Amino acid sequence: TAGLECCPEGYTRLFPLMNELARCLSTRYDELGSMRDLERAIELNSALLDLFPEEHQNRGLSLLNLTYLMIERHKIGGSEEDLERANELVSTSFKLRPDSSHRSQDESLRRHDKSLFYLAYCFERRYDELGSMKDLERAIELHSAALDLRPYGHRHRGESLGDLAHCLSIRYDELGSITDLERAIELDSATLDLRPEGHQDRGASLHNLAYCLDRRY
């Protein structure tokens, strides 16, 4: 922080210092859950986004970073404004694709799977709030696409498996399709396999699978 404060506005090192500070605050928030870190990271990432021209090669990543932070704040406070802002940001990121002269295919896919996952989250939450089946169908479509880009061994595969299973179980409750329930059980079982004893999300995975199995019974 001291380094950033000593750096005059417009100086060539301003951006990398802001970017590194925002990254560190976001990481510390993930580890400790401090709202102060989250708010400061949102402030810095918003400022970084304003510094990027529309065609800048790093604008897409900045959009996704800010999307993640807005989603995290929405999870805590439930602000509809934060959810709409996240939806706006990730939708904008879809219009940008990393220039092949600067980004590898793997990085392009990594960013694309995040865009799909974040946008699916926005539709899923909007379904929770408004109850529109159109939003739920869109969330399922996007979660499925994100999962396709997160093969076995991908660090976020468990998230995609679990969220898609959750959406399918909701659709089963709404429409009664046994196919959705069977698929949800299959996905929840795969999620559980990725979360061994001691994993922080194992309890939630056990609960979700038990819920679906109970519905089938």
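Definitions and limits used
- Residues numbered from 1 in each chain as written.
- Predicted model: local features only at pLDDT ≥ 70, side-chain atom pairs only at ≥ 80, totals over all residues.
- Heavy atoms only, no water.
- Helix = DSSP H or I, 4+ residues; strand = E, 2+ residues; numbered from the N terminus.
- Buried < 20%, exposed > 50% of the residue type's maximum accessible area, 1.4 Å probe, protein only.
- Contact = heavy atoms within 4.5 Å.
- Areas by Shrake-Rupley, 256 points an atom, 1.4 Å probe, with all protein chains shown as cover.
- Phe/Tyr/Trp six-rings, centres within 6.5 Å; stacked < 30°, edge-to-face > 60°.
- Lys NZ or Arg CZ within 6 Å of the ring centre and 35° of its normal.
- Axes fitted to C-alpha atoms, helices over the stretch in contact; angles between N-to-C directions.
- Parallel < 35°, antiparallel > 145°, perpendicular 65-115°, else oblique.
- Left-handed = near helix turned anticlockwise from the far one by under 90°.
- Nonpolar A, V, L, I, M, F, W, Y, C, P; charged D, E, K, R; others polar.
- Salt bridge = Lys/Arg side-chain N within 4 Å of Asp/Glu carboxyl O.
- Polar contact = N/O pair within 3.5 Å; in protein donor to acceptor, adjacent residues only side chain to side chain.

A short note on the overall build of the protein
Across its full length, the protein carries 10 helices and 0 strands. Written out in order from the N terminus, the α and β elements of the protein read α-α-α-α-α-α-α-α-α-α. In the protein, buried positions account for 41% of the 217 residues. The long-range fraction of contacts in the protein, counting pairs at least 24 apart against all pairs at least 6 apart in sequence, stands at 56%. Surface summary for the protein: the accessible area is close to 12300 Å², and the carbon and sulfur share equals 49%.

Quick word on the packing of aromatic side chains
As enumerated under the stated definition, the model contains 2 aromatic pairs in all. The interplanar angle of 35° and the centroid separation of 6.4 Å between the aromatic rings of Tyr68 and Tyr118 together place this pair among those described as tilted. Of the two residues, Tyr68 sits in helix H4 (residues 59–77) while Tyr118 sits in helix H6 (residues 105–130), which places them 50 residues apart along the sequence. Its relative accessible area of 12% is what places Tyr118 among the buried residues. In this structure an aromatic cluster arises from ring pairing among Tyr68, Phe117 and Tyr118. For Arg150, the ring lying beneath its charged end belongs to Phe117, and the centroid distance is 4.7 Å.

Considerations on the packing of helix H2 (residues 14–32) against helix H3 (residues 35–51)
Contact geometry for H2 and H3: axes closest at 9 Å, N-to-C directions at 150°. With respect to each other, H2 and H3 are oriented roughly antiparallel. Note that H2 runs across H3; the crossing there is left-handed. For the pair H2 and H3, the contacting residues are Phe15, Met18, Asn19, Leu21, Ala22, Leu25, Ser26, Arg28 and Tyr29 in the first and Asp37, Leu38, Arg40, Ala41, Leu44, Asn45, Ala47, Leu48 and Leu51 in the second. Each residue belonging to the contact of H2 with H3 can be placed in one class, and the counts come to 12 nonpolar, 3 polar and 3 charged.

Brief notes about the environment of Leu213
Note that Leu213 resides in helix H10 (residues 202–216). With relative accessibility at 35%, the residue Leu213 sits in the partly exposed group. As a C-alpha pair, Leu213 and Ala184 span 29 residues in sequence and 9.5 Å in three-dimensional space.

Things to note about the environment of Leu25
Mapped onto the elements, Leu25 comes out in helix H2. Each C-alpha atom, one on Leu25 and one on Glu39, is 9.2 Å from the other, the two residues being 14 residues apart in sequence. Beyond its immediate sequence surroundings of up to four residues, Leu25 is in contact with Asp37, Arg40, Ala41 and Leu44.

Topic: the pattern of salt bridges
Within the structure shown, the criterion is met by 18 salt bridges. Between Asp128 and Arg125 there is a salt bridge, with its nearest N and O atoms 2.8 Å apart. Of this pair, Asp128 and Arg125 both sit in helix H6, 3 residues apart, which is roughly one turn of that helix. In this structure, the salt-bridge partner of Glu141 is Arg138, at a minimum N-O distance of 2.9 Å.

A word on the side chain of Ser115
Relative to the helices and strands, Ser115 resides in helix H6. A relative accessible area of 2% places Ser115 in the buried class. Among the polar contacts listed, one links the side chain of Ser115 to the side chain of Ser93, at a separation of 3.1 Å. Dropping the residues within four chain positions of it, Ser115 is found in contact with Leu64, Val90, Ser93 and Phe94.

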